[in-house]
Amino acid sequence: MEKIEHKMVDVNGLQMHVAELGQGPIILFIHGFPELWYSWRHQILYLAERGYRAVAPDLRGYGDTTGAPINDHTKFSIFHLVGDLIALIEAIAPNEDKVFVVGHDWGAIIAWHLCLFRPDKVKALVNLSVHYFPTNPQMNTVDGLRAIYGDDHYVWRFQVPGEIEAEFAPIGVKSVLKKFLRFRDSAPFYFPKGKGVEAIPDAPIELSSWLTEEDLDYYSSKFEQTGFTGGVNYYRAFPINWELTAPWTGAQVKVPAKFMVGELDLVYHIPGAKDYIHNGEFKKDVPLLEEVVVLEGAAHFVNQERPDEINKHIFDFIQKF
């Protein structure tokens, strides 16, 4: 870990913290919620050793990246998030036409849209946990999830500015992160009012051994600095994204792609997800989708839980290009 280099890059009005290692073709790693560049620590080391330049930023509102207007969730739209990464690519690789992209969770959502908006910037894509969700012109994401899961579903509970942060505060940052990062249920997060994350059952410790106390301490130190609002703002921007991405209704993602998901991943168990992924619709929306991998026994944070397998899958795919 000591080999990984850290720097700040002036990006789209932000000072973006970037961790990187290696020389060669760039692989841009995009993290999810509630995560950081650190979520890619295993992949950075592995791929840097194999001739790639692994680059993992703290996204807008996260970690050591500064300058985002945290109290204005409208500044966290998918266009802001993709715009940050386009600016980052231009800053760190001005002479490269295209880069490889690897995303997980919210990072996967951003990566799908990066490829949708700017396929000219991406050689190939590997996404984890969150498959492509085509725009539904009839209903936005928040209302759709509320209709399926009810008012205690985490995405709905995240919508009111300050509300979920106030429920997290007395529990403590480390306890909140432990609940999220060690979550292993195929059902979604539910936060009944008044109970918050305490409603989430603890995972058996032997199933969470991949997340050490040292790892938790690193995450906690950064979220204690920033709070959770930056990350939660991504969910608050869902309705804005639905409105703004309407011109891409029916559009395809035309970048070579590979998708991986844990069989216990809560996203994989959203009603209709498995049918979409395995019965042809996914391939229609992402026509250059080459492979779908379901990792038996793995849960949501698959790049940290099963790094050896994920590393090899990423390497085997991108080395073809």
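The structure under discussion appears in the preceding block.
Since we're looking at a predicted model, the values are computed, not measured.

Notes on helix H8 (residues 213–226)
Okay, step 1: The end-to-end C-alpha distance of H8, which contains 14 residues, comes to 20 Å, matching closely the 20 Å that a straight helix rising 1.5 Å per residue would cover.
Okay, step 2: Turning to H8, its buried residues are Asp215, Leu216, Tyr219, Ser220, Lys222 and Phe223.
Okay, step 3: Residue Gly227 follows H8 closely and has a positive phi angle near 75°.

Structural notes on the sheet that holds strand E1 (residues 5–11)
Okay, step 1: One open sheet holds the eight strands; their spatial order is E1-E2-E4-E3-E5-E6-E7-E8, and the pairing between them is mixed. Pairing within the sheet leaves two strands with one partner each, and these edge strands are E1 and strand E8 (289–295). Across this sheet, the average inter-strand angle for adjacent strands is 20°, counted without regard to direction.
Okay, step 2: Here strand E3 (residues 26–30) runs beside strand E5 (residues 99–104); their pairing, made up of four bridges, is parallel. What sits directly across from Leu28, in E5, is Val101.
Okay, step 3: Sheet strands touched by helix H2 (residues 78–92): E1, strand E2 (14–21), E3, strand E4 (53–57) and E5. Its angle to E1, the strand with the most contacts, is close to 115°.

Observations concerning the packing of aromatic side chains
The relation between two aromatic rings is expressed through the spacing of the ring centres and the mutual angle of the planes.
Okay, step 1: Considering all chains together, one arrives at 40 aromatic pairs under this definition.
Okay, step 2: Ring centres of Tyr52 and Phe100 lie 6.0 Å apart, and the angle between their planes is 75°; this geometry places the pair in the edge-to-face category. One end of the pair, Tyr52, is in the loop between helix H1 (41–48) and E4; the other, Phe100, is in strand E5, with 48 residues separating them in the sequence.
Okay, step 3: Under the relative-accessibility criterion, Phe100 is labelled buried at 1%.
Okay, step 4: An angle of 85° between the planes, with centres 6.1 Å apart, marks the rings of Phe168 and Phe180 as edge-to-face. One end of the pair, Phe168, is in helix H6 (residues 163–168); the other, Phe180, is in helix H7 (residues 173–181), and twelve residues separate them in sequence. A single burial state applies to Phe168 and to Phe180, both of which are buried.
Okay, step 5: Over the ring of Tyr46 we find Arg50; its NZ or CZ atom is 3.6 Å from the centre of that ring.
Okay, step 6: When the ring centre of Trp156 is taken as origin, the NZ or CZ atom of Arg146, which lies over that ring, is 3.7 Å away.

The rules behind the values
Residues numbered from 1 in each chain as written. Predicted model: local features only at pLDDT ≥ 70, side-chain atom pairs only at ≥ 80, totals over all residues. Heavy atoms only, no water. Helix = DSSP H or I, 4+ residues; strand = E, 2+ residues; numbered from the N terminus. Expected span 1.5 Å × (residues − 1). Buried < 20%, exposed > 50% of the residue type's maximum accessible area, 1.4 Å probe, protein only. Pairing = 2+ DSSP bridges. Axes fitted to C-alpha atoms, helices over the stretch in contact; angles between N-to-C directions. Contact = heavy atoms within 4.5 Å. Phe/Tyr/Trp six-rings, centres within 6.5 Å; stacked < 30°, edge-to-face > 60°. Lys NZ or Arg CZ within 6 Å of the ring centre and 35° of its normal.

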